[in-house]
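Below, each chain spelled out in residue letters.
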Amino acid sequence: MADILGLPQFFWITLIFALGACIGSFLNVCIFRWPQEELSIVRPRSFCPSCKEMIAWYDNIPVVSFILLRGRCRRCAWRISPHYPLVELLYALIFVWFFTTHGFTARFAFNSVFMALLLIATITDFQTRIIPDEVSFYGILFAMLMSFIFPGLQNETGHKLALADATLGVLLGGGLLYIIAVVGDAMFKRESMGGGDIKLLAMIGAFLGYRFVFPTMFFASLLGSAIGIFLKLTRKEETIAFGPYLAMGAVVLLLWGDWLLQRFFPFL
Ligand SMILES: [Zn+2]
């Protein structure tokens, strides 16, 4: 990667890392508040879930504050979940990684937003069994808009064609899981697939385009059966959230999709 605006690469990577950690901090707010529908993501300011004390800005610096406070609230010593700094650190690394591979491009923005939404969906589904509608709704809107403006994101040259790829992805992703849900409910006489999963695959279809919907389902099922069997044996969990596997499948396709499609799904 060459120097940008005459400033060395090291400067940009540090800046992007810090920015990524701040976005990660915002993702934590979404993860905490979106599943509880009455809470807004901007108001009130961050507070300690235990003593309800507002968190001062200097105690709210991504990753750094957690280390300085040794993982405890300054007022009531409540133990802060390590998932907060982990999400910040993970997202900062993802942000740097996409920046070093794509630079300041539409692809960088597209992939970064996609990963942010998948990260939120994965964690909320694990913790609360809810994939917030905000994830799928904003995701579909963003992916369709970006595809129309930058058709290259869908490997197309025409704007309308790229928008059609994304729209078909929404319909195919949502439709596929909707049919599976209806058939599953009839077969097992209980809810087999949540509405959140249906909307999540619709969103994934919008980002990756319709060609990647079936491969995403394929990898999600593969990962879901492998990890699901392991979880069942070790933790005796009854139901298993499917959202995280859809998200993992989507990440596989986002990173190696073109190669995998040529190799294993040449008919798509
Ligand atoms: Zn507290």
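**Let's talk about the overall build of the protein chain**
Scanning the protein chain from N- to C-terminus turns up 9 helices and 0 strands. Helices and strands in the protein chain line up, N terminus first, as α-α-α-α-α-α-α-α-α. Taking 18 Å as the expected radius of gyration for a compact globule of 268 residues, we find that the protein chain reaches 20 Å, a close match to that expectation. In terms of its C-alpha atoms, the protein chain occupies a principal-axis envelope of roughly 55 × 55 × 35 Å. Looking at the 268 residues of the protein chain, the share that counts as buried comes to 35%. For the protein chain, the share of sequence-separated contacts (at least 6 apart) that also reach a separation of at least 24 residues comes to 64%.

**Quick notes on helix α6 (residues 159–188)**
The end-to-end C-alpha distance of α6 is 43 Å, a good match for the 44 Å that 30 residues give at a rise of 1.5 Å each. Looking at the buried side of α6, the elements it contacts are α5 (133–149), α7 (195–208) and α8 (213–235).

**A look at the packing of helix α3 (residues 83–102) against helix α4 (residues 106–128)**
Packing of α3 against α4 leaves a shortest axis separation of 9 Å and a crossing angle of 160°. In terms of axis orientation, α3 runs roughly antiparallel to α4. In this structure, α3 crosses over α4, and the sense of that crossing is right-handed. When α3 is examined against α4, the residues Val87, Tyr91, Ile94, Phe95, Phe98, Phe99 and His102 are found in contact with a partner set consisting of Arg107, Phe108, Asn111, Ser112, Met115, Ala116 and Leu119.

**So, the environment of Thr167**
The residue Thr167 is located in helix α6 in this model. Residues Thr167 and Val213 lie 46 residues apart in sequence; the distance between their C-alpha atoms is 12 Å.

**What about helix α9 (residues 243–264)?**
Look at α9: only 24 Å from first C-alpha to last across 22 residues, short of the 32 Å you get at 1.5 Å a residue. Within α9, the axis deviates most sharply at Trp256, by approximately 90°. If you check which residues of α9 are buried, you get Gly243, Pro244, Tyr245, Leu246, Ala247, Gly249, Ala250 and Leu253. Buried residues in α9 make contact with α4, α7 and α8.

**Some words on the nonpolar core**
Within the largest apolar cluster, 59 residues are counted, with the highest numbers of intra-cluster contacts made by Leu27, Leu119, Ile120, Met203 and Leu246. When residues of this core are assigned to their parent elements, the largest contribution, 10 residues, is made by α4. In this structure Leu27 touches Val87, Tyr91, Ala116, Leu119 and Ile120, once residues within four positions along its chain are discounted.

**With respect to the environment of Asp133**
As for its placement among the helices and strands, Asp133 is situated in helix α5. Judged by C-beta crowding, with 13 C-beta atoms within 10 Å, Asp133 ranks as partly exposed. The spatial distance from the C-alpha of Asp133 to the C-alpha of Pro35 is 8.8 Å, given a sequence separation of 98 residues.

**Overview of unusual backbone geometry**
Even without glycine at this site, Arg70 takes up a positive phi of about 50°. With respect to the element layout, Arg70 can be found in the loop between α2 (64–68) and α3. According to the C-beta neighbour criterion, Arg70 is exposed, with 9 such atoms within 10 Å. Despite not being glycine, Arg129 has its phi angle at roughly 65°, a positive value. The residue Arg129 is located in the loop between α4 and α5 in this model.

**Topic: the domain arrangement of the protein chain**
How big an interface is tends to be expressed through the accessible area that disappears when the partners come together. Annotation of the protein chain at the domain level lists domain 1 (1–104) and domain 2 (105–268). The distance between the C-alpha centroids of domain 1 and domain 2 comes to 25 Å. Taken together, the 15 residues of domain 1 in the interface contact 15 residues of domain 2. In terms of residues, the side of domain 1 that touches domain 2 owes the most to one element, α3, which gives 7 residues. Here the residues of the side of domain 1 that touches domain 2 are counted per class, giving 13 nonpolar, 2 polar and no charged.

**Some thoughts on the environment of Ala162**
Residue position: Ala162 is located in helix α6. By the C-beta count within 10 Å, which is 23 here, Ala162 ends up buried. Counting along the chain gives 95 residues from Ala162 to Gly257, while the straight-line C-alpha distance between them is 17 Å. With sequence-adjacent residues up to four places away left out, Ala162 is seen in contact with Ser147, Phe148, Pro151, Leu153, Gln154 and Glu156.

Reading guide: rules and limits
Residues numbered from 1 in each chain as written. Predicted model: local features only at pLDDT ≥ 70, side-chain atom pairs only at ≥ 80, totals over all residues. Helix = DSSP H or I, 4+ residues; strand = E, 2+ residues; numbered from the N terminus. Rg over C-alpha atoms; globule rule 2.2 N^0.38 Å. Buried ≥ 20, exposed ≤ 12 C-beta atoms within 10 Å, placed from the backbone. Contact = placed C-beta atoms within 7 Å. Expected span 1.5 Å × (residues − 1). Axes fitted to C-alpha atoms, helices over the stretch in contact; angles between N-to-C directions. Parallel < 35°, antiparallel > 145°, perpendicular 65-115°, else oblique. Left-handed = near helix turned anticlockwise from the far one by under 90°. Bend = angle between axes of the 7 residues up to and from the residue. Core = buried A, V, L, I, M, F, W, Y, C linked by C-beta atoms within 7 Å. Domains from an automatic or database assignment. Nonpolar A, V, L, I, M, F, W, Y, C, P; charged D, E, K, R; others polar.

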